[in-house]
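One-letter residues, chain by chain:
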Amino acid sequence: GNEVPDGESGELCVDNPYVRGYIGLPEQNSQAFGEKGVYHTGDIAKKLPDGNYILLGRCNEMIKISGNRVEPAEVETAVKKVLDIDWCVAKGFTVGKATFICAYYIADIEVDDNLTRKKLLELVPYYMVPSLFIELDKIPLNINGKLDKSSLKAAINQEDIDIADDVLSGVV
């Protein structure tokens, strides 16, 4: 890859002659170190004016919508603020040519999707507004007790795709 200008975000990579890779894991080595031996951390970072870096999230969680990179954590923060809830997770889905965001939450509240979208537009750009809001009974966990994002599915039907199209075209 190429270096990004100061203030821009990109994948944090480390070039260190003392890092040789994972012992006995050639596939992981080629994935993490690439052809030039530069370690790809999988973290999205931004260089601050003082020379320090701030971590913004993980590469594999980024969602690209309408040519824009979306960090799910930013969507989650906005949804939690608008709905005044403690837990939310955002996940991107692609159906055909449409990519959209679903927001999953656990709260004993009624969510008016359209009103929530309008409030979110005051905080984030249109492409970061979830098309679907899905209430969960409990947080899905894997065997390690961590969030199991792979178990989060979107109940996709034509109406949901139409809503996603409306949200991405700015019609809420």
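Cut-offs used in this document
Residues numbered from 1 in each chain as written. Predicted model: local features only at pLDDT ≥ 70, side-chain atom pairs only at ≥ 80, totals over all residues. Heavy atoms only, no water. Pairing = 2+ DSSP bridges. Helix = DSSP H or I, 4+ residues; strand = E, 2+ residues; numbered from the N terminus. Axes fitted to C-alpha atoms, helices over the stretch in contact; angles between N-to-C directions. Contact = heavy atoms within 4.5 Å. Buried < 20%, exposed > 50% of the residue type's maximum accessible area, 1.4 Å probe, protein only. Right-handed = clockwise from strand over helix to strand, strands pointing away. Core = buried A, V, L, I, M, F, W, Y, C linked by side-chain atoms within 4.5 Å. pLDDT = per-residue confidence, 0-100.

**Overview of the sheet that holds strand E7 (residues 98–105)**
No. 1: An order of E6-E7-E8 is seen for the three strands of this open sheet, with the pairing classed as mixed. A single partner strand is all that each edge strand has here, and the edge strands are strand E6 (88–95) and strand E8 (132–135). For this sheet the average axis-to-axis angle between neighbouring strands, irrespective of direction, equals 30°.
No. 2: In terms of strand pairing, E6 meets E7 through eight bridges, oriented antiparallel. Bridged to Cys 88 within E7 is Tyr 105.
No. 3: Along the sheet face, helix H2 (residues 72–83) touches E6, E7 and E8 and points at about 125° away from the line of E6.

**Regarding the pairing of E7**
No. 1: With eight of its eight residues buried, E7 lies for the most part within the structure.
No. 2: Residues of E7 alternate between two faces, with Ala 98, Phe 100, Cys 102 and Tyr 104 on one and Thr 99, Ile 101, Ala 103 and Tyr 105 on the opposite face, all of them buried.
No. 3: Linking two consecutive strands that pair antiparallel, namely E6 and E7, is a turn of two residues; a positive phi of about 65° is found at Gly 96 within it.
No. 4: When E7 meets E8, the two strands line up parallel, connected through four bridges. Directly across from Cys 102, in E8, lies its bridge partner Leu 132.
No. 5: With helix H3 (residues 113–120) bridging E7 and the parallel E8, this β-α-β connection has right-handed handedness.

**With respect to the nonpolar core**
No. 1: Counting residues in hydrophobic clusters, the biggest one holds 22 residues, and the most contacted among them are Val 70, Val 75, Val 79, Ile 101, Leu 120 and Phe 133.
No. 2: Elements with a contribution of two residues or more to this core: strand E4 (63–65), H2, E6 and E7.
No. 3: Sorting elements by how many residues they give to this core places H2 first, with five residues.
No. 4: Apart from residues lying up to four places away in sequence, Ile 101 is in contact with Ile 63, Ile 65, Val 70, Val 75, Ala 90, Lys 91, Gly 92, Tyr 127, Met 128, Pro 130, Ser 131 and Leu 132.
No. 5: With nine residues, the next largest nonpolar core counts Val 89, Leu 132, Leu 152 and Ala 154 among its residues.

**Digging into the confidence of the model for the protein chain**
No. 1: For the protein chain, per-residue confidence averages 83 on the pLDDT scale, and residues scoring 70 or more make up 88% of the total.
No. 2: Looking across the protein chain, the model is least confident in helix H4 (residues 158–168), with a mean pLDDT of 62, and most confident in H3, with 94.

**Notes on unusual backbone geometry**
Apart from glycine, the bulk of residues carry a negative phi angle, and the bulk of peptide bonds sit in the trans form.
No. 1: One non-glycine residue, Ser 66, adopts positive backbone phi at about 50°.
No. 2: Counting through the fold element by element, Ser 66 comes out in the loop between E4 and strand E5 (68–70).
No. 3: One non-glycine residue, Asp 84, lies in positive phi territory at about 55°.
No. 4: With respect to the helices, strands and loops of the structure, Asp 84 is situated in the loop between H2 and E6.

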